[in-house]
Amino acid sequence: MTEQILQDPKAQEALERTLSLLIRMNETGALAFLEDAVELLPDSLSYLMDPRLLKIGANLAYLLHVVELVEPTLITVMMSRLVEELNRELTPERMKELPRVGPVSLVKALADPDVQRGLGILVLFLRVLGRAFDRSSQELMALMEATEKTLAELRRQRAEIERQAAAVAS
Amino acid sequence: MARIMILGGGSGGLVVANKLARGLRGTSHEILLVDRSPYHYFMPSFPWVALGFKEPEQVRRPLKNLEKKGVRVLQGEVREIRIPEKRVRVNGEDLSYDLLVVSLGAEVKPDLMPGFEAAYHPWTIEGALRMREAIQRFEGGRIVIGVSGPYYRCPPAPYEIAGQLDFALRARRLRDKSEIVLAHPHPQPLSAMGPAISGVITEILAAKGVRFEGNFHARAIDPERRLLLGQDGREIPFDLLIMVPPHRPSVAGMCPGLLTPASFPLVDPKTFRCLADPDVFAIGDMVNPAINLPAAGVVAHFQAEFVANQILAELKGAYIGESFTPVAMCIMDFGDDAVLPMCDFTRILDLSGPPSCGVLGRSKAIRLTKMLFESIWFATYLS
């Protein structure tokens, strides 16, 4: 079977090219490097499992998940309008003479419907932020309490096991 | 010349054997691995066998392949470990060792739960094939996935099975006339792994219409009335019951007088050396619950690396170079979705705080990673 395959000119050409590649890899040291890399493969998993790397990975994955949750149509429309408005308002001329806002002009600005809408967004955001932090702190407190109870039980079990081991050892 | 004997050809035993074979190449030390089965099975794929996605021969490789690497393989049943004499009884024969690694895992004991004959499970290859037939016969109704106790191999597996069943029933157009219930001792799905992972799994189960019955401690099965009975009096009716069987550590007479009340070997949690004799190491599912680590192949893997390094250091005066990494990760395949959770158990191991857990990814692509990992595993350790 092998002899038959080797008679095929296409197989001969493929073999010649492979051998030629191997010779070049041997000359350049790439083959020796691959040999070492193959030897390292079984160990690579445990090196990659460094808890610090995994935590970075988990946090990055969460950030990407947040990005994934944003609807592309919504973000595209909102961001493009925001950029348009910024371009229109923040011109170099306007930047030279930035309006100063004191207490009186701040109160006047509050009459502007656009400012009112912007404030509405900020207030809404602050409300969401406050509610989320309140809920998360409650959840974390409950989690810490539950964990402490579990750990206390585990410490008791560990102490019992150590006491038993010491008794046998003596 | 030392004889290093490894009991068990699962994840832990296989990694120890490979690492020692590489590290002791060219020396006269002998490595002997004993297992009752001629095969190493990739257990994370057992649910795939049960769902018909894989065949048994695809998820196993002969342990004899290790002999090409210089590891002697003996097929036999470990009957007794006589630590004071440094001997192990295998198939009626006494074998001596200088250093021993015990990685016998956990055994399924269906008989410990009354009425278990009415249930199916993929925790053995034979069980997975039986479960496949039951699923093929299923024409709609209520599938209940139950858990017999908190100690079982691969804690996330029941959730994966629920997700895969949902997918399979949709494909067979049986989902509309079926209900899937997952009854588990935990209050929330995978709550032991913290709110980040639990939240994602809860979301996936809800999206798939899987009802989660938490705080359910199964007591028995009533085959006549087809009920799963809880310790608190709850009764869950089923048409098809998939039940995680009771598990027990495979101690095989190990460390007499040095077992925990729950029959786990007593080991030093920093070195995994048996307290009865420091020349004996015990790793994996047979020991981990006693040191508050999960019964998972990945934990056994990292323990095996660490134990092999300690042995190499002892025999060669070698530089160990790394410590035990108490992390676990598991690719959870839900059929049309997949999640890669990870947990760092450093704080649990020294009892200073909760594990640090997060989700490394959620995507259908992760399912591919599981398939690739199986290939890499076999290619690396049993080619």
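Here is what the cut-offs are and how they apply
- Residues numbered from 1 in each chain as written.
- Chains lettered and ligands numbered in written order.
- Predicted model: local features only at pLDDT ≥ 70, side-chain atom pairs only at ≥ 80, totals over all residues.
- Heavy atoms only, no water.
- Helix = DSSP H or I, 4+ residues; strand = E, 2+ residues; numbered from the N terminus.
- Rg over C-alpha atoms; globule rule 2.2 N^0.38 Å.
- Buried < 20%, exposed > 50% of the residue type's maximum accessible area, 1.4 Å probe, protein only.
- Areas by Shrake-Rupley, 256 points an atom, 1.4 Å probe, with all protein chains shown as cover.
- Lys, Arg positive; Asp, Glu negative; His and termini not counted.
- Charge placed at Lys NZ, Arg CZ, Asp CG, Glu CD.
- 1 Å grid on protein atoms, 1.4 Å probe; cavity = no way out; pocket = protein on both sides within 12 Å on 5 of 7 lines; lining within 4 Å.
- Points joined across faces, edges and corners; volume = space filled by probe spheres on them.
- Nonpolar A, V, L, I, M, F, W, Y, C, P; charged D, E, K, R; others polar.
- Disulfide = S-S within 2.5 Å.
- Contact = heavy atoms within 4.5 Å.
- Buried area = accessible area lost by both parts, 1.4 Å probe.
- Salt bridge = Lys/Arg side-chain N within 4 Å of Asp/Glu carboxyl O.
- Phe/Tyr/Trp six-rings, centres within 6.5 Å; stacked < 30°, edge-to-face > 60°.

**Brief notes about the overall build of chain B**
Turning to step 1, where the next piece is worked out: Of regular secondary structure, chain B possesses 8 helices and 24 strands.
Turning to step 2, where the next piece is worked out: For 383 residues, the compact-globule estimate of 2.2 N^0.38 gives 21 Å, and chain B sits close to it at 21 Å.
Turning to step 3, where the next piece is worked out: With the C-alpha coordinates aligned to their principal axes, the bounding extent of chain B is approximately 65 × 45 × 40 Å.
Turning to step 4, where the next piece is worked out: Counting every position in chain B, which comprises 383 residues, the buried fraction comes to 61%.
Turning to step 5, where the next piece is worked out: Here chain B displays about 14,700 Å² of accessible surface, and carbon together with sulfur accounts for 53% of that area.
Turning to step 6, where the next piece is worked out: Charged side chains of chain B number 43 positive and 41 negative; the gap between the two group centres comes to 3 Å.

**Comments concerning the layout of surface pockets**
Residue and element names in this part refer to chain A.
Turning to step 1, where the next piece is worked out: When its volume is computed, the second largest pocket comes out at roughly 950 Å³.
Turning to step 2, where the next piece is worked out: Lining the second largest pocket we find 21 residues, and of these Glu89, Asp112, Asp114, Val115 and Gly118 sit closest to its centre.
Turning to step 3, where the next piece is worked out: Residue assignment for the lining of the second largest pocket shows that the elements contributing at least two residues are helix H5 (72-89), helix H7 (103-109) and helix H8 (113-169).
Turning to step 4, where the next piece is worked out: A per-element tally of the lining of the second largest pocket places H8 first, with 6 residues.
Turning to step 5, where the next piece is worked out: Here the lining of the second largest pocket is composed, by residue class, of 11 nonpolar, 2 polar and 8 charged.

**Looking at the state of the cysteines**
Where two cysteines share a covalent bond between their sulfur atoms, that bond is called a disulfide.
Residues and elements named next belong to chain B.
Turning to step 1, where the next piece is worked out: The full count for this structure, using the stated rule, is 1 disulfide over all chains.
Turning to step 2, where the next piece is worked out: In this model Cys343 forms its disulfide with Cys357; the gap between the sulfur atoms is 1.9 Å. Across the disulfide from Cys343 to Cys357, rotation about the S-S bond amounts to roughly 110°, and the bridge is consequently right-handed. A residue pair is termed long-range when its members are at least 10 positions apart, and Cys343 in strand E23 (residues 338-344) and Cys357 in strand E24 (residues 356-362) qualify at 14 residues. Exposure class is identical for Cys343 and Cys357. Each is buried.
Turning to step 3, where the next piece is worked out: Counting only cysteine sulfurs, Cys330 is the nearest neighbor of Cys154, a cysteine outside any disulfide, at a range of 4.6 Å.

**Describing unusual backbone geometry**
All names here are of chain B.
Turning to step 1, where the next piece is worked out: Despite not being glycine, Arg173 shows a phi value in the positive range, around 55°.
Turning to step 2, where the next piece is worked out: Among the secondary structure elements, Arg173 is positioned in the loop between helix H4 (157-171) and strand E12 (178-183).
Turning to step 3, where the next piece is worked out: In the Ramachandran plot, Phe272 falls in the positive-phi region, its phi being about 65° despite a non-glycine side chain.
Turning to step 4, where the next piece is worked out: With respect to the element layout, Phe272 can be found in the loop between strand E18 (247-249) and strand E19 (273-274).

**Considering the side chain of Lys370(B)**
Residue and element names in this part refer to chain B.
Turning to step 1, where the next piece is worked out: Along the chain, Lys370 falls in helix H8 (residues 365-382).
Turning to step 2, where the next piece is worked out: With relative accessibility at 6%, the residue Lys370 sits in the buried group.
Turning to step 3, where the next piece is worked out: Apart from residues lying up to four places away in sequence, Lys370 is in contact with Pro44, Trp48, Glu160, Ile331 and Asp333.

**Considering the interface of chain B and chain A**
Turning to step 1, where the next piece is worked out: At the interface, 38 residues of chain B touch 24 residues of chain A.
Turning to step 2, where the next piece is worked out: Interface of chain B and chain A: buried area, both sides summed, is about 2,700 Å²; carbon and sulfur atoms make up 66% of it.
Turning to step 3, where the next piece is worked out: Where chain B packs against chain A, one counts 1 salt bridge.
Turning to step 4, where the next piece is worked out: The partner of Lys55(A) in a salt bridge is Asp344(B), with the nearest N and O atoms 3.3 Å apart.
Turning to step 5, where the next piece is worked out: Of all the elements in the fold, those that place two or more residues in the side of chain B that touches chain A are helix H1 (11-23), helix H6 (297-316), strand E21 (327-329), E23, helix H7 (346-349), E24 and H8 of chain B.
Turning to step 6, where the next piece is worked out: Looking at which element gives the most residues to the side of chain B that touches chain A, the answer is E24(B), with 5 residues.
Turning to step 7, where the next piece is worked out: Residues belonging to the side of chain B that touches chain A are distributed by class as follows: 21 nonpolar, 11 polar and 6 charged.

**Here we look at the packing of aromatic side chains**
Residues and elements named next belong to chain B.
Turning to step 1, where the next piece is worked out: In this structure the tally under the stated criterion is 13 aromatic pairs over all chains.
Turning to step 2, where the next piece is worked out: A centroid spacing of 6.1 Å and a plane angle of 50° characterise the contact between Phe42 and Phe373, whose relative ring orientation is tilted. Of this pair, Phe42 sits in the loop between strand E3 (39-41) and helix H2 (46-50) while Phe373 sits in helix H8; the two residues are 331 residues apart in sequence, bridging distant segments of the chain.
Turning to step 3, where the next piece is worked out: Look at Tyr159 and Phe212: their rings are 6.3 Å apart centre to centre, the planes differ by 25°, and that puts the pair in the stacked class. In this pair, Tyr159 sits in helix H4 while Phe212 sits in strand E13 (residues 210-213), placing the two residues 53 residues apart along the sequence.
Turning to step 4, where the next piece is worked out: Among the aromatic residues, ring-to-ring pairing joins Phe42, Phe373, Trp377, Phe378 and Tyr381 into one connected group.

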